[in-house]
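Architecture and fold: a report
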Amino acid sequence: MTEQSGKSPVGIIGGTGLTSLSDLRITGEESVTTAWGEPSSSLLRGQLGDQPVVFLSRHGNPHRIPPHQVNYRANIQALHDAGARVVVGVNAVGGIHGDMGPAHIVVPDQLIDYTWGRESTFFEGDLAEVTHIDFTWPYDQEAREVLIESARLAGVPFSAFGVYGATQGPRLETAAEIRRMERDGCDIVGMTGMPEAVLAAERGLRYVSLGLVVNWAAGKTDHIITMAEIEEAIAQGMSGVKQILEGSMEK
Ligand code: HPA
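Residues numbered from 1 in each chain as written. Predicted model: local features only at pLDDT ≥ 70, side-chain atom pairs only at ≥ 80, totals over all residues.

A word on the overall build of the protein chain. When helices and strands are tallied, the protein chain shows five helices and 11 strands. The C-alpha atoms of the protein chain give a radius of gyration of 17 Å, which matches the 18 Å a tight globule of 251 residues would have. The dimensions of the protein chain, computed from C-alpha atoms along their principal axes, are 50 × 45 × 35 Å. Taken over 251 residues, the protein chain has a buried fraction of 47%. (Helix = DSSP H or I, 4+ residues; strand = E, 2+ residues; numbered from the N terminus. Rg over C-alpha atoms; globule rule 2.2 N^0.38 Å. Buried ≥ 20, exposed ≤ 12 C-beta atoms within 10 Å, placed from the backbone.)

Okay, here's the thing in structure tokens:
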């Protein structure tokens, strides 16, 4: 997952269940601020294998910032300023597609944004010109391929496609909302995929998402969704996510 120009750090945004990377050889910790405010956590610099990495914990460390209150602009700006040009966002998601049950890993290729009221652009205020970025392909194809290859080598259950539906949260969805999302073409549902992806694109970063399914989406099973179930899926699936991340750094 290296930049062609050499070893600029890969940015990793850890989500629910990934507030730290045990295999990261930490070389430094920086508390930074940006023109858009404070990022969710300090930046951890380190090495995964030979690859420099800069790690940020999306919900803070410890986990305390809900999805709708994450300062996505500050997070992306901080990683950009730290030199990252490729960013991997790790997202806990609910599974809608029948093959995407708990502990399954998804490398989405598309997204639909259902969030509202979030600061979702850098292009506002006193602008020299109005800018509309192309967002046809929200995830960087090359970086996706690196993750997919790494997932194959790791031998973990994963899907190399998927439409990520980004919901507002923090509540989970109703069964009817999930049925609507399924009709729209969503395969997985999460609360943090947007505006993170678009802000990365606006900053010229190559962004990719790695989704860990932590529950069946609402109405996809006959029981309600519990935190215990979510924690169990995280315990089961997060080692696969870490394996994929580590393997991808060797590419
Ligand atoms: N819905 C939305 N976000 C989520 C879910 C879900 O079912 N699971 C984990 N994040």
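More follows now that the structure is in view.
For the rest of this paragraph, the subject is helix α5 (residues 227-248). Between its first and last C-alpha atoms α5 spans 30 Å; for 22 residues at 1.5 Å apiece the expected length is 32 Å, and the two agree. Taking the largest bend as the criterion, α5 deviates by roughly 40°, centred on G237. The set of residues buried in α5 consists of A233, G237, M238, G240, V241, I244, L245, G247 and S248. Considering only its buried residues, α5 is in contact with β1 (10-14), β3 (43-48), β5 (86-95), β6 (105-106), α2 (141-154) and β11 (206-216). (Expected span 1.5 Å × (residues − 1). Bend = angle between axes of the 7 residues up to and from the residue. Contact = placed C-beta atoms within 7 Å.)

In this section: the site of the ligand. Around the ligand, the structure places A92, V93, G94, T167, L172, E173, V189, G190, M191, V214, N215 and A217. Sorting the residues of the shell around the ligand by element identifies β5, β10 (188-190) and β11 as the ones contributing at least two each. If you tally residues by element for the shell around the ligand, the top one is β5, at three residues. Here the residues of the shell around the ligand sort into seven nonpolar, four polar and one charged. (Near = placed C-beta within 6 Å. Nonpolar A, V, L, I, M, F, W, Y, C, P; charged D, E, K, R; others polar.)

The two faces of a sheet get side chains in turn, since along a regular strand they alternate between them. Burial along strand β9 (residues 163-166) is two-sided: V163 and G165 and Y164 and A166, pointing in opposite directions, are all buried. Examined bridge by bridge, strand β7 (residues 110-113) and β9 share four bridges and lie parallel to one another. Residue pairing across strands places Q110 opposite V163, the latter belonging to β9. Handedness of the crossover joining β9 and β10 through helix α3 (residues 175-184) is recorded here as right-handed. (Pairing = 2+ DSSP bridges. Right-handed = clockwise from strand over helix to strand, strands pointing away.)

Over its 14 residues, α2 runs 20 Å from end to end, which matches the ideal 20 Å to within 8%, given 1.5 Å per residue. Taken together, the buried positions of α2 are A143, R144, V146, L147, S150 and A151. Down the axis of α2, the smallest arc covering the buried residues is 160°, so these residues share one side. The exposed residues of α2 that point more than 90 degrees off its buried face are Q141 and E142. Taken from the residues just after α2, G155 is the one with a positive phi, measuring 70°. (Arc of directions from axis to C-beta.)

The next point concerns unusual backbone geometry. Of note, the amide linkage connecting N61 to P62 takes the cis form, showing an omega dihedral of 5°. The topology assignment puts P62 in the loop between β4 (51-57) and α1 (72-81). Cis geometry is found at the peptide bond from G169 to P170, where omega equals -5°. Note on placement: P170 falls in the loop between β9 and α3. In this structure, A103 is a non-glycine residue whose phi angle is positive, near 80°. You can see A103 is positioned in the loop between β5 and β6. When the 20 C-beta atoms within 10 Å are taken as the criterion, A103 is described as buried.

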